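Chains, contacts and geometry: an overview
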Amino acid sequence: MARHLAYGGLARPVGRGVSSFACLAFVALLGTAFWAGAVWLGQLILSSAPGL
């Protein structure tokens, strides 16, 4: 199928830049939560291990 090109207009929706920043912020939040959980779990395992 042929695609109609957007001559003289915007090819992207107006709110796309805002949503990409929101996506990056969400991914950063998920990464922070993951590593915080990994550190917490590591500390829990090391504190409950006898002889360390």
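Here's what I pulled together on the structure shown here. What you see is a predicted model, and the numbers here were worked out from it, not measured in a lab. (Residues numbered from 1 in each chain as written. Predicted model: local features only at pLDDT ≥ 70, side-chain atom pairs only at ≥ 80, totals over all residues. Heavy atoms only, no water.)

1. Considerations on the overall build of the chain
Operational definition: Numbered from the N terminus, helices here are DSSP runs of H or I no shorter than four residues, and strands are runs of E no shorter than two. For every residue, the accessible area obtained with a 1.4 Å probe (protein chains only) is divided by the maximum for its type, and the residue is called buried under 20%, exposed over 50%, and partly exposed between those limits. Each accessible area is a Shrake-Rupley result for a 1.4 Å probe, and residues are judged covered by the shown protein chains and nothing else.
In terms of helices and strands, the chain carries 1 helix and 0 strands. Here the chain holds 52 residues, and 0% of them are scored as buried. Accessible surface, the chain: about 5,200 Å² in total, of which carbon and sulfur atoms supply 73%.

2. A look at a nonpolar patch on the surface
Here is the rule: Exposure above 30% relative accessible area and the absence of a salt bridge qualify a residue for a patch, where like charges join within 9 Å and nonpolar side chains (Val, Leu, Ile, Met, Phe, Trp, Tyr) within 5 Å. Any Lys or Arg side-chain nitrogen located within 4 Å of an Asp or Glu carboxyl oxygen qualifies as a salt bridge.
Together, Phe26, Val27, Leu29 and Leu30 make up a nonpolar patch on the protein surface, roughly 410 Å² of accessible area in all. Structurally, Leu30 can be placed in helix H1 (residues 16-48). Judged by its relative accessible area of 48%, Leu30 is partly exposed.

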